[in-house]
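Descriptive structure summary
One-letter residues, chain by chain:
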Amino acid sequence: MDTKRETLLPLATYASVATAILLVSLKTWAWLASGSVSLLASLVDSLTDSLASIVNLFAVRLALRPADDNHPFGHGKAESLSALAQSAFIGGSAVFLLLNAVERLLHPQPLQQTTLGIAVMLVSLLLTLALVLFQRWVLRRAQSQAVSADSLHYVTDFASNIVVLVALVLAAWGWQRADAVLALLLGGWIFWSAAKIAIEAVNTLMDKALSPADIARIEAAALAVPGVLGIHDLRTRLSGARHFVQMHIDLDARLNIVEAHDIAVAVAAQIRALFEEAEVIVHQDPVEAGGQSAGQEAV
């Protein structure tokens, strides 16, 4: 297990939970004082963020566990399950927001304490920006679908804070409907973000192949090894941060078993060099005039 992941990913989840709890406290206070529906929307977003971040914390801890007898391929898909749960939290908050925005459009109400709301949103912007920058720093050093989804939460939250801030400023200038109109736009964007997280998580859980760019890199790395005449039956998938690659390579049938094995080992090493964590299985198919004989595998 990569020690960077063991150190950085839990740290990112702790920072996320602490920030979410602080934001919920600030926004609850400001919403009770102002009555702003867009501020309520931001509060609900932060509440779902806090729940999602707590789920994420436990999911990352589980995903970092090494493989065992019951889970020989590791626990990496716990991250995808967490991302799927987070998408449900975000989608639910978006629906709640849209309903409240429509109700406020139909029955507009003047906002109170807009100055307090503006101050709280400025503080929220700074806290959220600091967290997002820290999460991006972690993701550059340790890949994680769960932390990436959590970071998207807070990018969404950062954008929602800007929208709420604009709504409060416009309301202070006398345009009361701006609060509900901007809340509607924000709700639609949050729902779209939730859908993207869900699609990515489901693709991983369904063992979707790696991207065409990654597959091209794998093929190029294998074909660059001397002795490899061709490749076929390439299969790839992702579980957490671990890449799984299986492939068949064509070798000259006149090679002895040691030579063939050494080439397969070299191919596996080339592919592992492309990813921080990868499990590679290479099946050797000897090529001769009469066709292919039975192959062997190198891990």
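In the block above lies the structure referred to throughout.
Quick caveat, the model's predicted, so the values are computed rather than measured.

About the cut-offs
Residues numbered from 1 in each chain as written. Predicted model: local features only at pLDDT ≥ 70, side-chain atom pairs only at ≥ 80, totals over all residues. Heavy atoms only, no water. Helix = DSSP H or I, 4+ residues; strand = E, 2+ residues; numbered from the N terminus. Contact = heavy atoms within 4.5 Å. Areas by Shrake-Rupley, 256 points an atom, 1.4 Å probe, with all protein chains shown as cover. Buried < 20%, exposed > 50% of the residue type's maximum accessible area, 1.4 Å probe, protein only. Salt bridge = Lys/Arg side-chain N within 4 Å of Asp/Glu carboxyl O. Expected span 1.5 Å × (residues − 1). Arc of directions from axis to C-beta. Polar contact = N/O pair within 3.5 Å; in protein donor to acceptor, adjacent residues only side chain to side chain. Core = buried A, V, L, I, M, F, W, Y, C linked by side-chain atoms within 4.5 Å. Phe/Tyr/Trp six-rings, centres within 6.5 Å; stacked < 30°, edge-to-face > 60°. Lys NZ or Arg CZ within 6 Å of the ring centre and 35° of its normal. Patch = residues over 30% accessible without salt bridge, like charges linked within 9 Å, V, L, I, M, F, W, Y side chains within 5 Å. Pairing = 2+ DSSP bridges. Right-handed = clockwise from strand over helix to strand, strands pointing away.

What follows concerns the overall build of the protein. When you go through the protein residue by residue, the secondary structure sums to eight helices and five strands. Along the protein, helices and strands appear, N-terminal first, in the series α-α-α-α-α-α-α-β-β-α-β-β-β. Considering only contacts in the protein between residues 6 or more positions apart, those separated by 24 or more positions represent 72%. As displayed, the protein has an accessible area near 14200 Å², and 65% of this comes from carbon and sulfur atoms.

Mapped onto the elements, Val102 comes out in helix H3 (residues 78–106). Judged by relative accessible area, Val102 falls into the partly exposed class, the value being 39%. Note: C-alpha distance between Val102 and Leu184 (82 residues apart in sequence) is 7.4 Å.

Further remarks concern the pattern of salt bridges. What the rule picks out here adds up to two salt bridges. When the shortest N-O distance is used, the salt bridge between Asp214 and Arg217 registers 3.1 Å. Of this pair, Asp214 and Arg217 both sit in helix H7 (residues 212–223), separated by three residues, roughly a single helical turn. Residue Asp214 is classed as buried on the basis of its relative accessible area of 18%.

Most peptide bonds take the trans configuration, and most residues that are not glycine carry a negative phi. Positioned with a positive phi, Asp233 is a non-glycine residue whose angle comes to about 50 degrees. Mapped onto the elements, Asp233 comes out in strand E1 (residues 230–239). Using a relative accessible area of 48% as the deciding quantity, one classes Asp233 as partly exposed.

Moving on: helix H8 (residues 257–272). Over its 16 residues, H8 runs 23 Å from end to end, which matches the ideal 22 Å to within 8%, given 1.5 Å per residue. For H8, the complete set of buried residues consists of Ala260, Ile263, Ala264, Val267, Ala268 and Ile271. All buried residues of H8 fall inside an arc of 140 degrees around its axis, so they share one side. Capping the start of H8 is the job of one residue whose side-chain oxygen sits 3.0 Å from the backbone nitrogen of Val258: Asn256.

What follows covers the nonpolar core. Generally speaking, soluble globular proteins have nonpolar side chains that are buried together. Counting 20 residues, the largest nonpolar core has Met247, Ile249, Val267, Ile271 and Val282 as the members making the most contacts within it. Put simply, the parts of the chain that give this core at least two residues each are H7, strand E2 (242–252), H8 and strand E3 (278–288). Here the element with the most residues in this core is H8; it accounts for six residues. Setting aside chain neighbours within four positions, we find Ile249 in contact with Val228, Gly230, Ile231, Ile263, Ala264, Val267, Val282, His283, Gln284 and Asp285. By size, the runner-up hydrophobic cluster in this structure holds 11 residues, among which are Ala83, Ala183, Leu186 and Ile197.

Here the focus is the packing of aromatic side chains. The tally for this structure, following the rule as stated, stands at one aromatic pair. Taking the centre distance of 6.0 Å and the plane angle of 20 degrees together, the rings of Phe134 and Trp137 count as stacked. With a gap of three residues between them, Phe134 and Trp137 both fall in helix H4 (residues 114–141), about one helical turn apart. Under the relative-accessibility criterion, Trp137 is labelled partly exposed at 32%. The positively charged end of Arg237 is found above the aromatic ring belonging to Phe244, 4.1 Å away from the centroid.

Under the 1.5 Å per step criterion, the end-to-end length of H7 is 16 Å for 12 residues, consistent within 8% with the ideal 16 Å. Along H7, the positions that sit buried rather than exposed are Asp214, Ile218, Ala221 and Ala222. Seen end-on, H7 carries its buried residues on one side only, within an arc spanning 95 degrees. Along H7, the residues that are exposed and aim more than 90 degrees away from the buried face are Pro212 and Ala213.

What follows is about a nonpolar patch on the surface. A cluster of nonpolar side chains, Val95, Leu99 and Phe191, forms an exposed patch at the surface whose accessible area comes to about 290 Å². Inspection of the secondary structure puts Val95 in helix H3. Since its relative accessible area comes to 40%, Val95 is described here as partly exposed.

Another point: the pairing of E2. Note: E1 against E2, eight bridges, orientation antiparallel. The residue of E2 that forms the bridge with Thr236 is Val245. Two strands pair when backbone bridges link them, and E2 and E3 are joined in this way by 10 bridges, in the parallel orientation. Pairing of Gln246 across the sheet is with Ile281, part of E3. Handedness of the E2-H8-E3 crossover: right-handed.

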